[in-house]
Amino acid sequence: MTAGQGARDELYGRLKAYEGRGAASAGVGKDLVNEPMIRHWCEAMGDANPAYSGPGAVAPPTMLQVWTMGGLSGHTDRSGAYDELFGLLDGAGYTSVVATDCEQEYLRPLRPGDRVTFDAVIEAVSERKTTKLGTGYFVTTRMDIRAQDEPAGTHRFRILKYRPTMAKTGRASREEPKALRSRPVINRDNAAFWEGVAAHRLLIQRCTACDTPRFPWLPGCNACGSPEWDTVEASGEGTVFSHVVMHHPSFPAFSDSGEGGPYAVALIELAEGVRMVSNVVGVPCDKVRVGMLVRLEFLRTDPDLVLPVFRGSEG
Ligand code: ZN
């Protein structure tokens, strides 16, 4: 052990003391095991196993955690131990979190009508580890799940609570190359679109058989199947149809500062009637709103790449 590990171990000792402490006790599933949730899961997963439908159906075992989840309204059965542990880690600079893996053990099938109850315990805290994301501690929580008070399964969930590598160095140092956006994949079907962008023109395909505009570029018309097309140049007027703000993981190339802060990704409805995914610039990402008027501009992200983006305006 080196001298530098002393402080680390002091924190580790405090974290380790949480092993065995309850993270949730006497939790009760918000819904009974039920057929609609099973059906939605199977449809989303593409799982057509006949065991999961009809008379005598069981729930897919991998749904185990579903029956314990708090949903948008959250949990009321959490103990303070987990929050305290996270507070210790936050206070020591391990402010980021990423889920790394889970393990499940199935002890009894769950069937529609089962009432699920559960307890969770902080099972293990690892020593300080260095990963590509940064250095931090793995925390394993074990949830014991019962149905009608019989053991039904165990769900182990592991997270890494870490100090991001970016936070240590702050703004990318001058010696580090600027992070670049990934390159578009250009092929015969979309080459003319990217040629247009390079010339600061946003071209939309239009079917010459039925006049339907389309975006993104495709070899045939979705409306009539015709392979014949020409293009119309977008006026540049648009509105935000939908959007998300990307917080994590950080991609330095996507933020103006180069530090990987949050940025807005929006589905823009163009005046010509097609929609495209792009970035909204010129307004803080938390001010982007559905319906916001935006205007096309071209952003040179680096010497080899120009992208169409949309400038929003507040108010
Ligand atoms: Zn057509």
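Some points on the coordination of the zinc ion
Thinking step 1. At the metal site, the zinc ion is ligated by C207 (SG), C210 (SG), C221 (SG) and C224 (SG), and these contacts range over 2.2 to 2.4 Å.
Thinking step 2. One way to put it: the four donor atoms around the zinc ion meet at angles of 101 to 115 degrees, and that makes the site tetrahedral.
Thinking step 3. Read in sequence order, the donor residues for the zinc ion give the motif C-x2-C-x10-C-x2-C. Note that C207 is positioned in strand β7 (residues 203-207) and C224 in the loop between β8 (213-214) and β9 (229-233), a separation of 17 residues in sequence.
Thinking step 4. Judged by its relative accessible area of 0%, C207 is buried.
Thinking step 5. C224 sits in the partly exposed class, given a relative accessible area of 41%.

Focus: the sheet that holds strand β13 (residues 293-302)
Thinking step 1. Spatially, β10-β11-β12-β14-β13 is the arrangement adopted by the five strands of the closed barrel, whose pairing is mixed. For this sheet, the mean angle separating the axes of adjacent strands, direction not counted, is 50 degrees.
Thinking step 2. Judged from the five bridges that link them, strand β11 (residues 263-270) and strand β12 (residues 275-281) form a sheet pairing that is antiparallel. Note on β12: the bridge partner recorded for V265 is N279.
Thinking step 3. In this fold helix α5 (residues 191-198) packs onto β13 and β14 (305-312), with an angle of close to 70 degrees to the strand it touches most, β14.

Concerning the sheet that holds β7
Thinking step 1. With respect to topology, three strands assemble into an open sheet ordered β8-β7-β9, the strand pairing being antiparallel. Looking along the sheet, the strands with just one partner apiece sit at the ends: β8 and β9.
Thinking step 2. The sheet contact formed by β7 and β9 spans five bridges and is antiparallel. Residue pairing for β9: C207 is matched across the bridge by W229.

Conventions we followed
Residues numbered from 1 in each chain as written. Predicted model: local features only at pLDDT ≥ 70, side-chain atom pairs only at ≥ 80, totals over all residues. Heavy atoms only, no water. Donors = N, O, S within 2.8 Å, 3.2 Å for Na, K, Ca; no water. Tetrahedral: all angles 85-135°; square planar, octahedral: opposite > 155°, others 65-115°. Helix = DSSP H or I, 4+ residues; strand = E, 2+ residues; numbered from the N terminus. Buried < 20%, exposed > 50% of the residue type's maximum accessible area, 1.4 Å probe, protein only. Pairing = 2+ DSSP bridges. Axes fitted to C-alpha atoms, helices over the stretch in contact; angles between N-to-C directions. Contact = heavy atoms within 4.5 Å.

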